[in-house]
Amino acid sequence: MTVLAEQLTARIRTEGPISLADYMAECLLHPEHGYYTAQVPFGALGDFITAPEISQMFGELIGLSLAQCWLDQGAPAAFTLAELGPGRGTLMADLLRATRSVPGFHTALQLYLVEASAQLRQQQEETLQGYEVTWVDGIDELPQQPLFLVANEFFDALPIRQFLRDGEGWREKRVGLIDGALGFGLGPEAPQPALEHRLLDTKPDDLVEMSPVMAPITAGLAQRIAAHGGAALIIDYGDWRSLGDTLQALKSHAPVDPLATPGEADLTAHVDFEVLCSVAAGAGCAHSRVTPQGVFLERLGITDRARTLAKGLEGEALEALIAAHRRLTHPEEMGNLFKVLGLTPAEAAPPPGLNA
Ligand code: SAH
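All residue numbers refer to position in the chain's written sequence, counted from 1. The predicted nature of this model means local features are confined to residues of pLDDT at least 70 and side-chain atom pairs, given and counted, to a pLDDT of 80 or more, with totals for whole chains, interfaces and linings taken over all residues. Water and hydrogen atoms were dropped before computing side-chain values, which therefore reflect all heavy atoms in the structure.

S.K.: Go over the pairing of strand S4 (residues 133-136) with me, naming the residues and quoting the values.
M.R.: For a regular strand, side-chain orientation follows a simple rule: the groups alternate between the two sheet faces. Should DSSP find at least two bridges between two strands, the strands are taken to pair. Where helices and strands are cited, they refer to DSSP runs of H or I of at least four residues and of E of at least two residues respectively, numbered from the N terminus. Judged from the four bridges that link them, strand S3 (residues 109-114) and S4 form a sheet pairing that is parallel. Of the residues in S4, the one forming a bridge with Leu111 is Val133.

So this is what it looks like as structure tokens:
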């Protein structure tokens, strides 16, 4: 049993079953034994590999899209450049390198990283040596000024609650104890005002998911963009509306039982882009179409960029570049599974690569 499994078992024994969101929050961000806090989980040796770790082209193109937005909005003299959940800092390093030639961009930017893990903050500091970085715990701490923001595989790491429809009400899926071991159970049937609209597109026994922290985070960034200008690029897996159980646990690149090794496996859930869009619209932002990652990157010229990089390469390095291009864009790899959403002020054009 992991240390965290022992602690959770003791807690449930005294407090009773906990929500899946509480379970996920402990597994991912427990100060000592959490998945993101206790180790550096990414990269070929980690449990999963993310787009910026596959190729520099990803961060470069995102940087150019955000910098073009900044130019299109009149190049505001002081602005926040922010990333939610920067991981190892690779995307931000590529973004900053690619935007060095955009006149004025680097003198105007103030770099903020929203990161919960002390371990990862340290890693980000190493990757971003030479840049002045401010780390914050949440969106609320970002200055009230134009905000240009990127979030790759951040929202899928937020804790979710799961509800099973029972008649016109819902029973929450909870983590309790079965014969002394962690196991799933269902709470009592109760109405859920936040799920009122889901009574229209579900039937009894359907399962729906809801992240309690996604809406406040989205509202915080959308409010800043609507009030001061800016743009957000949100990249994640998921789709317009989530239906069914999308909770996934990954360890060493393979799926595992989400309750088996708390704190040692990555836990994610698909992102409900409809919620992102409706919260952003409620705060006064315009949102782009939810666009497949492959389409977004092709529109930004990833193939030309790959050709340029290929010129100096041969043998294995060249093959790795071709494989990385395919992995990021091909519909059977990350190209379709991952979606990109752009948020801008109501009157502004969507970020390059996306359509209104
Ligand atoms: N964007 C990176 C890493 C994605 S993993 C990449 O693409 O490689 C998720 C990241 O979000 C990690 O850096 C993790 O520590 C951070 N994170 C997860 N939940 C968070 C929270 N509630 N607040 C701040 N950061 C969080």
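S.K.: Describe helix H5 (residues 56-72), naming the residues involved and giving the relevant values.
M.R.: With 17 residues, H5 ought to run about 24 Å at 1.5 Å a step, and its terminal C-alpha atoms sit 25 Å apart, in line with that. With a 1.4 Å probe rolled over the protein chains alone, any residue whose accessible area is under 20% of its type maximum counts as buried; one over 50% counts as exposed, and the rest are partly exposed. H5 sits mainly inside the fold: 12 of its 17 residues count as buried. Listed in full, the buried residues belonging to H5 are Met57, Phe58, Gly59, Glu60, Leu61, Ile62, Gly63, Ser65, Leu66, Ala67, Cys69 and Trp70. Distance and chemistry together define a polar contact, namely a pair of N or O atoms within 3.5 Å, with one atom able to donate a hydrogen and the other to accept it when in protein, and with adjacent residues in sequence counting only for side-chain atoms on both sides. The backbone nitrogen of Met57 lies 3.0 Å from a side-chain oxygen of the residue at the head of H5, namely Ser55. Expected span, for any helix, means 1.5 Å times one less than how many residues it has.

S.K.: Go over the sheet that holds strand S11 (residues 248-251), please, and point to the residues and values.
M.R.: Pairing within the open sheet is antiparallel, and its three strands lie in the order S12-S11-S13. Both edges of this open sheet fall to strand S12 (254-256) and strand S13 (266-268), since each of them pairs with a single strand only. With strand direction ignored, the average angle separating the axes of adjacent strands in the sheet is 40 degrees. Direction of pairing for S11 relative to S12: antiparallel, over a ladder of three bridges. Paired with Leu250 across the strands is Pro255, a residue of S12. The angle between two axes is taken between their N-to-C directions and runs from 0 to 180 degrees, where each axis is a line fitted to C-alpha atoms and a helix contributes only its stretch in contact.

S.K.: Residue-level account of the site of the ligand, with values.
M.R.: The environment of the ligand is made up of 18 residues, and the closest members are Thr50, Gly85, Gly87, Glu115 and Asn152. One nitrogen or oxygen atom from the main chain of Gly85 is found 2.7 Å from a nitrogen atom belonging to the ligand. Measuring from an oxygen atom of the ligand, one finds a backbone N or O atom of Gly87 at 3.1 Å. Classification used: nonpolar for Ala, Val, Leu, Ile, Met, Phe, Trp, Tyr, Cys and Pro, charged for Asp, Glu, Lys and Arg, polar for all others including Gly. Of the residues in the shell around the ligand, the class split is 10 nonpolar, five polar and three charged. Each residue is tested against the molecule or strand, and it is near if at least one of its non-hydrogen atoms lies within 4 Å.

S.K.: Break down the environment of Ala77 for me, citing the residues and quoting the values.
M.R.: For Ala77, the location among the structural elements is in the loop between H5 and strand S2 (79-84). As for Ala77 and Pro146, which are separated by 69 residues in sequence, their C-alpha atoms are 9.3 Å apart.

S.K.: Could you give an account of the environment of Leu84, with specific residues and numbers?
M.R.: Looking at the secondary structure, you find Leu84 in strand S2. Leu84 sits in the buried class, given a relative accessible area of 0%. Taking the C-alpha atoms as reference points, Leu84 and Asn152, separated by 68 residues in sequence, lie 7.5 Å from one another. Contact between two residues is taken to exist if any of their heavy atoms lie within 4.5 Å; hydrogens are not considered. Setting aside residues up to four positions removed in sequence, Leu84 forms contacts with Val114, Ile139, Leu149, Val150, Ala151, Asn152, Phe154, Phe155, Ile217 and Leu221.

S.K.: Got a sec to walk through the pairing of strand S17 (residues 338-345)? Specific residues and values, please.
M.R.: Across the eight residues that make up S17, a large majority, eight, are buried. As paired strands, strand S10 (residues 230-239) and S17 are joined by six bridges and run antiparallel to one another. Following the sheet pairing, Ile234 is matched in S17 by Leu341. Where strand S15 (residues 285-287) and S17 come together, three bridges link them in antiparallel fashion. Opposite Cys285, over in S17, you have Pro345 as the bridge partner. Two strands pair when backbone bridges link them, and strand S16 (residues 291-292) and S17 are joined in this way by two bridges, in the antiparallel orientation. Bridge pairing links Thr291 to Val340 in S17.

S.K.: How would you summarise the pattern of salt bridges if you had to cite specific residues and measurements?
M.R.: By convention in these notes, a salt bridge is any Lys or Arg side-chain nitrogen within 4 Å of a carboxyl oxygen on Asp or Glu. Tallied over the entire structure, the rule returns 19 salt bridges. Here Asp245 makes a salt bridge to Lys173, at a shortest N to O gap of 3.5 Å. Here Asp245 is found in the loop between S10 and S11, whereas its partner Lys173 is found in strand S7 (residues 169-178), with 72 residues between them in sequence. A single salt-bridge network, built from bridges that share partners, covers Arg11, Glu15, Asp22 and Glu26.

S.K.: Which residues make up the packing of helix H9 (residues 214-228) against helix H10 (residues 273-282), and what values go with them?
M.R.: Between H9 and H10, whose axes approach to 9 Å, the crossing angle comes to 45 degrees. Between H9 and H10, the interaxial angle falls into the category oblique. Every pair of crossing elements has a handedness; the one defined by H9 and H10 is right-handed. Touching Met214, Ala215, Thr218, Ala219 and Ala222 of H9 are Val275, Leu276, Val279 and Ala280, all from H10. Its residues placed into classes, the contact of H9 with H10 shows eight nonpolar, one polar and no charged. Orientation labels follow simple angle bins: below 35 degrees gives roughly parallel, above 145 gives roughly antiparallel, 65 to 115 gives roughly perpendicular, and whatever is left gives oblique. Crossings are classed by handedness, with left-handed meaning an anticlockwise turn of the near helix from the far one by less than a right angle and right-handed meaning a clockwise turn.

S.K.: Please give an account of the nonpolar core that cites residues and values.
M.R.: If you look at soluble globular proteins, the nonpolar side chains tend to sit buried side by side. Of all hydrophobic cores here, the largest spans 43 residues; its most connected members are Ile62, Leu81 and Leu95. Residue contributions to this core peak at eight residues, all from H5. Setting aside residues no more than four positions away along its own chain, Leu95 makes contact with Gly59, Glu60, Ile62, Gly63, Leu66, Leu81 and Val150. Side-chain atoms within 4.5 Å link the members of a nonpolar core, which is a set of buried Ala, Val, Leu, Ile, Met, Phe, Trp, Tyr and Cys residues. Counting residues in each nonpolar core, the second largest holds 28 residues, with Ala82, Leu158, Ile217 and Val271 among its members.

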